[in-house]
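Spelled out from the first residue to the last, the chains are:
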Amino acid sequence: MLNGKDFILNPNKLEKEFQLVEISPWTDYTTKAKVGFYYTVLLPKLKFEKMKVGIKSKRPIISNQELEDKGQVSVVFDNLETRGSLYNGHLSVKAEALDIRIIDAK
């Protein structure tokens, strides 16, 4: 039987910097406790697919309103780990990182 954790995203398909598009709360479905935030980013090398990266923190690095006002925000992740996830027969990417930082526009 295949397990979602058997699938690993090729690191060569990942960028060093990501385009942040959305921030949402990360809640543990079992305990209903707030864990941190999911940061949804684009993957340009994978036809601009989206990936959610979970980060355990008390506050987001930027609000969705600030993100919308700025238009484009590039970010980098510290210790980004990705793995596959099977849900209802669909394979998707799950990711977690220790931290996220905004990259200043060049």
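Residues numbered from 1 in each chain as written. Predicted model: local features only at pLDDT ≥ 70, side-chain atom pairs only at ≥ 80, totals over all residues. Heavy atoms only, no water.

Trainee: How should the overall build of the chain be read in this particular structure?
Mentor: Helices and strands together make up the secondary structure of the chain, namely 1 helix and 7 strands. For the chain, the sequential pattern of α-helices and β-strands runs β-β-β-α-β-β-β-β. Sorting the 106 residues of the chain into buried and exposed places 30% on the buried side. Summarising the internal contacts of the chain: among those between residues at least 6 apart in sequence, 49% fall at separations of at least 24. When the accessible surface of the chain is totalled, it reaches about 7,800 Å², and 50% of it is carbon and sulfur. (Helix = DSSP H or I, 4+ residues; strand = E, 2+ residues; numbered from the N terminus. Buried < 20%, exposed > 50% of the residue type's maximum accessible area, 1.4 Å probe, protein only. Contact = heavy atoms within 4.5 Å. Areas by Shrake-Rupley, 256 points an atom, 1.4 Å probe, with all protein chains shown as cover.)

Trainee: Would you explain the nonpolar core in this entry?
Mentor: The tendency in soluble globular proteins is for nonpolar side chains to be buried side by side. In terms of nonpolar packing, the biggest core is built from 18 residues, with L20, Y39, V41, V53, V75 and F77 touching the most fellow members. Listed by contribution, the elements that provide at least two residues to this core are β1 (18–27), β2 (34–43), β3 (49–55) and β4 (74–78). Not counting the four nearest positions on each side in its chain, V41 is found in contact with F18, Q19, L20, V21, E49, K50, M51, V53, V75 and F77. (Core = buried A, V, L, I, M, F, W, Y, C linked by side-chain atoms within 4.5 Å.)

Trainee: What is the right way to read the side chain of Q19 from this model?
Mentor: Following the sequence through the fold, Q19 ends up in strand β1. Reaching out from Q19, the side chain makes a polar contact with the backbone oxygen of V73 at a distance of 3.4 Å. When near neighbours in sequence (up to four residues on either side) are disregarded, Q19 contacts T40, V41, L42, G71, Q72, V73 and S74. (Polar contact = N/O pair within 3.5 Å; in protein donor to acceptor, adjacent residues only side chain to side chain.)

Trainee: When you look at the environment of S85 in this model, what are you seeing that I'm missing?
Mentor: Inspection of the secondary structure puts S85 in strand β5 (residues 81–87). With 10 residues separating them along the chain, S85 and A95 place their C-alpha atoms 9.7 Å apart.

Trainee: Honestly, the packing of aromatic side chains in this entry has me stumped. Any pointers?
Mentor: For any two aromatic rings, the description comes down to two numbers: the centre-to-centre distance and the angle of the planes. Scanning the entire structure with this criterion turns up 2 aromatic pairs. Stacked on the ring of Y38, the Lys or Arg K52 has its end atom at 5.3 Å from the ring centre. (Phe/Tyr/Trp six-rings, centres within 6.5 Å; stacked < 30°, edge-to-face > 60°. Lys NZ or Arg CZ within 6 Å of the ring centre and 35° of its normal.)

Trainee: Quick question: what am I supposed to make of the side chain of T40 here?
Mentor: Relative to the assigned elements, T40 resides in strand β2. A relative accessible area of 5% places T40 in the buried class. Sequence-distant contacts of T40, defined by excluding residues within four places in its chain, comprise Q19, L20, V21, E22, K50, M51 and K52.

Trainee: Quick question: what am I supposed to make of unusual backbone geometry here?
Mentor: Excluding glycine, a negative phi dihedral is what most residues carry, and trans is how most peptide bonds are arranged. For K32, which is not glycine, the phi dihedral falls at a positive 65 degrees. Here K32 lies in the loop between β1 and β2. You will see that N79, though not glycine, has its phi angle at about 55 degrees, which is positive. Residue placement: N79 occurs in the loop between β4 and β5.

Trainee: How do you make sense of the environment of Y39 when you look at a structure like this?
Mentor: In this fold, Y39 is placed in strand β2. Here I61 takes part through its backbone nitrogen, which lies 3.2 Å from a polar atom of the side chain of Y39.

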